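# Structure assessment
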Amino acid sequence: MIALSVILTRFLGFSPQNTPYRFEIGFLPLTIVAYLFGPLYCMASYTVADIVGSLFQGYAPNLWITMCQSLTGFVMGLFFYRKKATLLRSISCFTVIGVLIDIVIKSPVFVFMYAWTFKFTMISRLVNTAINLPIRILGYCLLLKAVSKPLFTLMKKHDKNDFKNFANSFQAVTNPGLSRIKALC
């Protein structure tokens, strides 16, 4: 999912030349991570995807933006972890991400690192969020509609209780002795 996110973000994303705008769908694979594994795994996946993507394109990652991406993954995990994909849930999640993270928290990067004016930064972040918000909402809803049955089957197949059942079963009891080594020899 991380590799797919890097490809979708860095190679298939759209950023008009000499503009502060970026439109991409690299968040989609990570919504599946959020759905299956929760906030911490999604946060880690977003962090790795941002760092790998930056290095792959030949520049050092911006730690503030990487932190914002990590926070995005955490928020997606909170909203989507093992929950039914609904339009209201995706609107809520991506609005929080768009307003709180993309506008409020990311803005200082552009003001302090790129010396943009506060007004220009806020306008560009608002436009970016206004365009990305419907893309994220519809993309997530369509993706989960398309893959929800296989994901649900996967979740049931690999339930967290599987390990507990295995650990408490007869097969998990160690069999001391050298019989396995003799058989191997």
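Reference entry: report on the structure contained in this document.

What counts, and where the lines are drawn
Residues numbered from 1 in each chain as written. Predicted model: local features only at pLDDT ≥ 70, side-chain atom pairs only at ≥ 80, totals over all residues. Heavy atoms only, no water. Phe/Tyr/Trp six-rings, centres within 6.5 Å; stacked < 30°, edge-to-face > 60°. Helix = DSSP H or I, 4+ residues; strand = E, 2+ residues; numbered from the N terminus. Buried < 20%, exposed > 50% of the residue type's maximum accessible area, 1.4 Å probe, protein only. Expected span 1.5 Å × (residues − 1). Polar contact = N/O pair within 3.5 Å; in protein donor to acceptor, adjacent residues only side chain to side chain. 1 Å grid on protein atoms, 1.4 Å probe; cavity = no way out; pocket = protein on both sides within 12 Å on 5 of 7 lines; lining within 4 Å. Points joined across faces, edges and corners; volume = space filled by probe spheres on them. Nonpolar A, V, L, I, M, F, W, Y, C, P; charged D, E, K, R; others polar. Contact = heavy atoms within 4.5 Å. Patch = residues over 30% accessible without salt bridge, like charges linked within 9 Å, V, L, I, M, F, W, Y side chains within 5 Å. Areas by Shrake-Rupley, 256 points an atom, 1.4 Å probe, with all protein chains shown as cover. Salt bridge = Lys/Arg side-chain N within 4 Å of Asp/Glu carboxyl O.

### Comments concerning the packing of aromatic side chains
Per the counting criterion, the structure on display carries nine aromatic pairs. With a centroid separation of 3.9 Å and an interplanar angle of 15 degrees, the aromatic rings of Phe-80 and Tyr-140 are classed as stacked. On the criterion of sequence distance, the pair formed by Phe-80 in helix H4 (residues 63–80) and Tyr-140 in helix H7 (residues 118–157) is long-range, its members being 60 residues apart. A relative accessible area of 0% places Phe-80 in the buried class. An aromatic cluster is defined as three or more aromatic residues linked by ring pairs; in this entry it consists of Phe-27, Phe-80, Phe-94 and Tyr-140.

### Some points on H4
Counted at 1.5 Å a residue, the expected span for H4 with its 18 residues is 26 Å, and the 25 Å between its end C-alpha atoms agrees. Here H4 has its buried residues at Ile-65, Thr-66, Cys-68, Gln-69, Ser-70, Thr-72, Gly-73, Val-75, Met-76, Gly-77 and Phe-80. For H4, the N-terminal cap is Asn-62; the gap from its side-chain oxygen to the backbone nitrogen of Trp-64 is 2.9 Å. Backbone geometry just after H4 places Arg-82 at a positive phi near 50 degrees.

### Notes on the layout of surface pockets
Counted as a void, the largest pocket has a volume near 840 Å³. Per-class residue counts for the lining of the largest pocket are 14 nonpolar, 11 polar and eight charged.

### Re unusual backbone geometry
With the exception of glycine, the majority of residues adopt a negative phi angle, and the majority of peptide bonds are in the trans configuration. Positive phi values are uncommon outside glycine, yet Arg-82 reaches one of about 50 degrees. Structurally, Arg-82 can be placed in the loop between H4 and helix H5 (87–105). Phi at Ala-115 takes a positive value of approximately 60 degrees, unusual for a residue other than glycine. Structurally, Ala-115 can be placed in the loop between helix H6 (107–113) and H7.

### Regarding the side chain of Gln-69
Looking at the secondary structure, you find Gln-69 in helix H4. According to the relative accessible area criterion, Gln-69 is buried, its value standing at 14%. When near neighbours in sequence (up to four residues on either side) are disregarded, Gln-69 contacts Tyr-46, Asp-50 and Lys-106.

### A word on a nonpolar patch on the surface
Together, Ile-7, Phe-11, Leu-12, Val-48, Val-52 and Phe-56 give the surface a local cluster of nonpolar side chains, amounting to about 590 Å² of exposed area. Elements with a contribution of two residues or more to the nonpolar patch: helix H1 (2–11) and helix H3 (39–56). In terms of residue count, the dominant contributor to the nonpolar patch is H3 (three residues). Checked against the element boundaries, Val-48 lands in helix H3. Overall, Val-48 belongs to the partly exposed group, its relative accessible area being 37%.

### Some points on the pattern of salt bridges
Enumeration over the complete set of coordinates arrives at two salt bridges. With a shortest N-O distance of 3.5 Å, Asp-102 and Lys-106 are connected by a salt bridge. Of the two residues, Asp-102 and Lys-106, both sit in the buried class. Across the salt bridge formed by Arg-136 and Asp-102, the nearest N and O atoms sit 2.8 Å from each other. Highlighted residues: Arg-136 in helix H7 and Asp-102 in helix H5, separated in sequence by 34 residues.

### Examining helix H2 (residues 27–37)
The element H2 is largely enclosed, with a buried count of 10 among its 11 residues. Restricting attention to buried positions, one finds in H2 the residues Phe-27, Leu-28, Pro-29, Leu-30, Thr-31, Ile-32, Val-33, Ala-34, Tyr-35 and Leu-36. Positive phi appears at Gly-38, one or two residues downstream of H2, with a value of about 95 degrees.

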